[in-house]
Amino acid sequence: MATFVKPENALKRAEELVNVGQKQAALQALHDLITSKRYKAWQKTLERIMFKYVELCVDMRKGRFAKDGLIQYRITCQQVNVSSLEEVIKYFMQLATEKAEQARTQAQALEEALDVEDLEVDKRPEDLMLSYVSGEKGKDRSDRELVTPWFKFLWETYRTVLEILRNNSKLESLYAMTAHRAFQFCKQYKRTTEFRRLCEIIRNHLANLNKYKDQRDRPDLTAPESLQLYLDTRIEQLKIATDLELWQEAFRSVEDIHGLMNLVKKSPKTPLMVVYYAKLTDVFWVSHSHLYHAYAWFKLFTLQKSYNKNLSQKDLQLIASSVLLAALSVTPYDQKHGASHLELENEKERNLRMASLINFTLDPKGESREMLSRSSLLSELNNKGVMTCVSQEVKDIYNILEHEFFPLDLASRVQPLLAKIAKLGGKPSSASSVPEVQLSKYVPALEKLTTLRVLQQVSRVYQSITIGTLSKMIPFFDFSLVEKLSVDAAKYNFLSMKVDHLKGAVLFGNVNVESDVLTDHLAVLADSLNKARNLIYLPMKKQSKLGEKHGLAETVDKEHKRLLARKSIIEKRKEEHERQMLEMEREEESKRLKLQKVTEEAEQKRLAEEYTRRQEQRIRREIEERELQEAQALLFETQKGAKKKGKKPLLDGEKVTKQTLIELALSEQLKERQELEKKLQKLGKTMDYMERAKREEEAQLIEQAFQQHLVEEKIFHENEQLKAIELSRQHHAGDLQEKNRLARMMDDKVIFQQRIVNCRETEYNRLKKEREDTINQLIALRKHERETKRKMLFYLKSEEERLTRLREEEEARKHEEEERRKKEEAERKAKLDAIAERQRQREREAEEKERLRRDALLRRPTEALSRSIDPASGPHTADPVPVAAAAAAPTSGKYVPRFRRERNEGQTAAPPEPDRWGRQDDRAPQSGDRWRNDEQRPSYGGSRTSSASSSSWSSSRPRG
């Protein structure tokens, strides 16, 4: 792989290689440059390299190289210069098209030259032999040799370009142009297979565009420009498909256009829709879908009448006549009569699909047969004013076939009108998108309709008619065709007739009891029989009208219930029967499909095996024939050499095998090779001897020639040296004369030089002074600016420091206030806790005193009782002092242990002590004290003494 410093070097190298005929090396050098990671940035040189690269690819038909190079170039200039890629691709397609046209022209010229080579002989023996062997004509052979490779390369070019440009929003127009050129290529050269592949490629591109919606540079189909390009491409595809008569591909193109319209939810422009419906009429007419063909014509008429303001009355009349005749061409009976449920469902789905393509809205849950039918279409034509635009002949045919009743001369009335209609038609001048209208194509369908109408009307008038009379009434067809039409009509319950060839008559009517014709007759017969029965068997007289009415009502009610029950039973039986039939049909259909699938698989397997076996046999046969031909050729060469040498041919006239021939040929070749080697050795020795002798003889001659050449060179050198000296003297003399001539101008030159130097010195000093002044001004200005900037920075820094200091002081003040507030809060909380603690202490002491007082009160009655019982003790009232002391003891407010109270029991009470707060409590007990009200309830016995003592203790309690 060659590396180049600059892309220009690669281009020069490629041109040099092309000039010496090495195109493959030049192509490889440019390919290495384009695919190299070193030159990823786009530049103009790369565009010129790509032009040269695609030119070499086209000359050598290297499609794969062209595809790789274009892909790399697309990556390079995708985001920089897309127009460059567009120019390269256009040049690539132009070269491929020109080469294909040149090959085609060359093939035509060659064919013409071959045709006029010899006027007396039709073909040369070689051409006759080649045509017999290959089975081809001269033109086919020249096309295969010259035209086909270039057409194949042109087709690969279109595929490559479409693959490179697919799903790229920046190259949509070029993609559409390439698709149009590919379509024209298929149309011009009748390439139906390539056209199908091209349609499939474009269809896959759109499917991938809708599948992968996160691609980069993805086209937006909702944009009007993109949608228009895609629709134009599909419309062109539809046109080419109809021109090539590829009706299946045309229908798929119609589905593509309809899917594209449903995808973007936008209605295309009217000219496109006109082309769409025009081509749709052709597709439906070829597929014998006359109903959908008529609906498409109706939509086309509506569009032309609504949007084409330049539509002339003649063209409108022609289009309206086509619509009405297309509607009349539809068979007048329903072909789904007697069909299975599965077939009806398939037909319903087909109607919905076709109605969607024609842009008619149908209810999927409703009966589409009633909405998309011949009768509904004719009513639509009457309502939308189509009848007012048709020609008089078409209107007369419509009235005769649909509204009049002429059973005997219906065909004779219609036949001249059909002859007039067959002459009508032409290309609408004011509607360019509408195809050429030929009303003559509807004549066969109208003749069939006339035949059916004649049979229908005759069946209403006659019960039987002779075949000859009926044939005269229908002059369009033979009776065999009439019989075939009548069979189809009877199959779908449109007619009821029978052909008796023995009697030569046609019988109308039906012997079926459930037919519509006999329904009224059976009802009349039933009424007549009931009347006769009533006359024979008179009804019994009832007792009274009231009883008669009552019995009649009961009878009617019972009969009604019986009929309802019978009806429900019949309905259930019908439903069950239908369900069973449906299940049987499904089972049979599934069995049939399975059997068909198995049969198809077996057939495909057999065909594949047969194809493989034939291929193996053909290859084996070709190998054997090729080996036999090679062996015969070797034998022929061997025998020819033997004849030249005068030898006897080997195995002449004997039967030899292929292996024998090969061995003989190889042995002869080996002998010839050995003889040739001996000859070469002998010839080499002879040539060596001759060369050596020649050199020995020419050595003396070469030495003499060399000496003579030296003498001649010496003489030539001396002559040249003399000439140079003489020329130098002449130049020196001329220079001296020139110096003398210019010497008189030396003073003027010095004066002029001094003046110039002075002027330039003055100018230099002035410019130097101006420059210094300017520099000083700039220095002063910049110094002033620096001073100003320094002052401003100092001011800003000072202001910032001041603001920072103020902010810090404010934060310190807030911090101190917060600390002080927290400290005060803590002190206040400590004081409150101390007060609460003191309060709890006082409460605990008060509870302790209360407990002691209660204990003293409980012990006092027990001691008094013991003293009153004791015999040593005195009278009860003789010693009141201990009681008083005991009563006074609790009033002191101090805890006294029990043993001390017993010890001091006989002593007098001690004076009151100051309480714990250091004050003397000399207050006497008061009867109205506040503690008394709370101690009114008796304590443990309810005695007065305990209550009084409690009151006195409570009144003497210290108050803090």
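On a predicted model such as this, the values are computed, not experimentally measured, just so you know.

Conventions we followed
- Residues numbered from 1 in each chain as written.
- Predicted model: local features only at pLDDT ≥ 70, side-chain atom pairs only at ≥ 80, totals over all residues.
- Heavy atoms only, no water.
- Helix = DSSP H or I, 4+ residues; strand = E, 2+ residues; numbered from the N terminus.
- Buried < 20%, exposed > 50% of the residue type's maximum accessible area, 1.4 Å probe, protein only.
- Contact = heavy atoms within 4.5 Å.
- Areas by Shrake-Rupley, 256 points an atom, 1.4 Å probe, with all protein chains shown as cover.
- Pairing = 2+ DSSP bridges.
- Patch = residues over 30% accessible without salt bridge, like charges linked within 9 Å, V, L, I, M, F, W, Y side chains within 5 Å.
- Salt bridge = Lys/Arg side-chain N within 4 Å of Asp/Glu carboxyl O.
- Lys, Arg positive; Asp, Glu negative; His and termini not counted.
- Charge placed at Lys NZ, Arg CZ, Asp CG, Glu CD.
- Axes fitted to C-alpha atoms, helices over the stretch in contact; angles between N-to-C directions.
- Parallel < 35°, antiparallel > 145°, perpendicular 65-115°, else oblique.
- Left-handed = near helix turned anticlockwise from the far one by under 90°.
- Nonpolar A, V, L, I, M, F, W, Y, C, P; charged D, E, K, R; others polar.
- UniProt positions renumbered as here; feature names shortened; annotations may be inferred.
- pLDDT = per-residue confidence, 0-100.
- Core = buried A, V, L, I, M, F, W, Y, C linked by side-chain atoms within 4.5 Å.
- Polar contact = N/O pair within 3.5 Å; in protein donor to acceptor, adjacent residues only side chain to side chain.
- Expected span 1.5 Å × (residues − 1).
- Phe/Tyr/Trp six-rings, centres within 6.5 Å; stacked < 30°, edge-to-face > 60°.
- Lys NZ or Arg CZ within 6 Å of the ring centre and 35° of its normal.

Visitor: Pulling in residues and values, what's your account of the overall build of the protein chain?
Guide: Helix and strand counts for the protein chain come out as 30 helices and 5 strands. Here the protein chain holds 960 residues, and 29% of them are scored as buried. Within the protein chain, counting contacts between residues at least 6 apart in sequence, those at least 24 apart form 71% of the total. About 66600 Å² of surface is accessible on the protein chain, with carbon and sulfur atoms providing 53% of the total.

Visitor: Which residues make up the pairing of strand 5 (residues 505-508), and what values go with them?
Guide: With 3 bridges joining them, strand 3 (residues 464-466) and strand 5 adopt antiparallel strand pairing. Each residue of the ladder has a partner; that of serine 464, found in strand 5, is leucine 507. Bridge count for strand 4 (residues 497-500) against strand 5 is 4 bridges, and the pairing is antiparallel. Bridge pairing links lysine 498 to leucine 507 in strand 5. Counting the residues in the hairpin turn of strand 4 and strand 5 gives 4 residues, including glycine 504, whose phi is positive at 70°.

Visitor: Talk me through a negative patch on the surface; I want residue IDs and the actual numbers.
Guide: On the surface, a cluster of negative charge is contributed by Glu583, Glu585, Glu587 and Glu588. A residue is classified by how much of its surface remains accessible, and glutamate 587, at 44% relative accessible area, is partly exposed.

Visitor: Could you give an account of the packing of helix 8 (residues 172-188) against helix 9 (residues 192-211), with specific residues and numbers?
Guide: As a packed pair, helix 8 and helix 9 sit with axes 9 Å apart at the nearest point and diverge in direction by 160°. When the axes of helix 8 and helix 9 are compared, the pair comes out roughly antiparallel. As for the relative orientation of helix 8 and helix 9, their crossing is left-handed in sense. Mapping the contact onto sequence places Tyr175, Ala179, Ala182, Phe183 and Cys186 in helix 8 and Glu194, Phe195, Leu198, Ile202 and His205 in helix 9. A class-by-class count of the residues in the contact of helix 8 with helix 9 yields 8 nonpolar, 1 polar and 1 charged.

Visitor: Give a description of the sheet that holds strand 4 that names residues and reports values.
Guide: Where strands meet in a sheet, backbone hydrogen bonds hold them as pairs that are either parallel or antiparallel. As summarised here, the arrangement of the 3 strands in space is 3-5-4, forming an open sheet in which the pairing is antiparallel. Only two strands of the sheet have a single partner each, and these edge strands are strand 3 and strand 4. Between one strand and the next, the sheet's axes are offset by a mean angle of 20°, whatever the strand orientation.

Visitor: Which residues make up the UniProt feature "coiled-coil region" (unreviewed entry) in the protein chain, and what values go with them?
Guide: Those places that UniProt annotates as "coiled-coil region" (unreviewed entry) correspond, in this numbering, to residues 93-120, 560-634 and 666-700. Within the segment residues 666-700, helix and strand shares are 100% and 0% respectively, and the terminal C-alpha atoms sit 52 Å apart.

Visitor: Break down the confidence of the model for the protein chain for me, citing the residues and quoting the values.
Guide: Regions with low pLDDT carry predicted coordinates that are not meant to be interpreted in detail. When the pLDDT values of the protein chain are averaged, the result is 76; 74% of them are 70 or greater. Helix 26 (residues 746-869) holds the highest mean pLDDT among the elements of the protein chain, 90, whereas helix 30 (residues 944-955) holds the lowest, 39. Long-range and interchain partners of residues 511-518, a stretch whose pLDDT sits below 50, account for 5 contacts in this model, where long-range means more than four residues apart. Contacts from residues 648-655, a stretch scored under 50 in pLDDT, to residues over four places away or in other chains number 8 contacts.

Visitor: I'd like a description of the nonpolar core, backed by residues and values.
Guide: Formed by 157 residues in total, the largest nonpolar core has its most connected members in Tyr53, Phe195, Tyr276, Leu324 and Leu381. When neighbours within four sequence positions are excluded, leucine 324 is seen to be in contact with Leu378, Leu381, Met387, Val390, Val394 and Tyr398.

Visitor: Describe the side chain of glutamine 237, naming the residues involved and giving the relevant values.
Guide: Along the chain, glutamine 237 turns up in helix 10 (residues 224-243). Within the structure, the side chain of glutamine 237 is placed 2.9 Å from the side chain of serine 253, a separation counted as a polar contact. Beyond its immediate stretch of four places on either side in the chain, glutamine 237 contacts Phe183, Phe195, Cys199, Arg203, Glu249, Ser253 and Asp256.

Visitor: Please provide a residue-by-residue account of the side chain of histidine 258, values included.
Guide: With respect to the element layout, histidine 258 can be found in helix 11 (residues 247-264). Ignoring sequence-local partners within four residues, the contact set of histidine 258 consists of Tyr276, Ser356 and Leu357.

Visitor: How would you sum up helix 22 (residues 479-491)? Please name residues and give values.
Guide: Over its 13 residues, helix 22 extends 18 Å from the first C-alpha to the last, a length consistent with the 18 Å expected when each residue adds 1.5 Å. In the stretch just after helix 22, asparagine 493 is the one whose phi turns positive, near 65°.

Visitor: Can you tell me about the pattern of salt bridges, naming the residues and giving the values?
Guide: A full pass over the atoms with the stated rule returns 38 salt bridges. For lysine 90, the salt bridge identified is with glutamate 86, shortest N-O distance 3.4 Å. In this pair, lysine 90 and glutamate 86 are both assigned in helix 5 (residues 82-115), 4 residues apart and thus about one turn of the helix distant. Each of the salt bridges in this network shares a partner with another, and the network as a whole consists of Glu200, Arg203, Glu249, Arg252 and Asp256.

Visitor: So what's going on with helix 8? Residues and values would help.
Guide: Helix length check: helix 8 (17 residues) gives 24 Å between terminal C-alpha atoms against 24 Å at 1.5 Å per residue, within 8%. Taken together, the buried positions of helix 8 are occupied by Glu172, Leu174, Tyr175, Ala176, Thr178, Ala179, Ala182, Phe183, Phe185 and Cys186. Remark: lysine 190 follows helix 8 within two positions and exhibits a positive phi of approximately 55°.

Visitor: Describe in detail the environment of glutamine 457, supporting the description with residues and values.
Guide: Mapped onto the secondary structure, glutamine 457 falls in helix 20 (residues 443-461). Classification of glutamine 457 by relative accessible area gives buried; the value is 5%. Taking the C-alpha atoms as reference points, glutamine 457 and proline 407, 50 residues apart in sequence, are found 5.1 Å from one another. For glutamine 457, the residues in contact, after removing those within four places along its chain, are Glu404, Phe405, Phe406, Pro407 and Leu410.

Visitor: How would you sum up the packing of aromatic side chains? Please name residues and give values.
Guide: What describes a pair of aromatic rings is the distance from one ring centre to the other and the angle between the planes of the rings. Going through the model one piece at a time under the given rule, you end up with 12 aromatic pairs. Where phenylalanine 151 meets tyrosine 189, the ring centres are 4.4 Å apart and the plane angle is 45°; that geometry is what we call tilted. Here tyrosine 189 lies in the loop between helix 8 and helix 9 and phenylalanine 151 lies in helix 7 (residues 138-165), a separation of 38 residues in the sequence. Accessibility expressed as a relative area gives 14% for tyrosine 189, which makes it buried. Put simply, the rings of Phe151, Tyr158, Phe185 and Tyr189 touch in pairs and so form one group of aromatic residues. Directly above the aromatic system of tryptophan 150 lies the positively charged group of arginine 61, at a separation of 4.9 Å from the ring centroid. In this structure, lysine 441 is placed above the aromatic ring of tryptophan 285, and the distance from its NZ or CZ to the ring centre is 5.2 Å.

Visitor: Now, about the packing of helix 13 (residues 290-307) against helix 17 (residues 374-383): what can you tell me, with residues and values included?
Guide: Relative placement of two packed helices is described by the angle separating their axes and the distance separating the axes. Across the interface, helix 13 lies against helix 17 with an axial gap of 11 Å and an inter-helix angle of 20°. Relative to helix 17, helix 13 is oriented roughly parallel. As helix 13 runs across helix 17, the sense of the crossing is left-handed. In contact with Leu291, Ala294, Tyr295 and Phe298 of helix 13, helix 17 contributes Arg374, Ser376, Leu377, Glu380 and Leu381. A class-by-class count of the residues in the contact of helix 13 with helix 17 yields 6 nonpolar, 1 polar and 2 charged.

Visitor: Now, about a nonpolar patch on the surface: what can you tell me, with residues and values included?
Guide: A surface patch of nonpolar side chains, amounting to about 370 Å² of accessible area, comprises Phe405, Leu408, Val461 and Tyr462. Structurally, tyrosine 462 can be placed in the loop between helix 20 and strand 3. Take tyrosine 462: its relative accessible area is 32%, and that puts it in the partly exposed class.

Visitor: Outline the environment of leucine 171, listing residues and values.
Guide: Among the secondary structure elements, leucine 171 is positioned in the loop between helix 7 and helix 8. Taking relative accessible area as the criterion, leucine 171 reaches 0% and is therefore assigned buried. In the structure, leucine 171 is positioned 85 residues away from glutamate 86 in sequence and 7.7 Å away in space, judged by C-alpha atoms. Apart from the residues lying within four places of it in its own chain, the contact partners of leucine 171 are Val82, Leu85 and Leu165.

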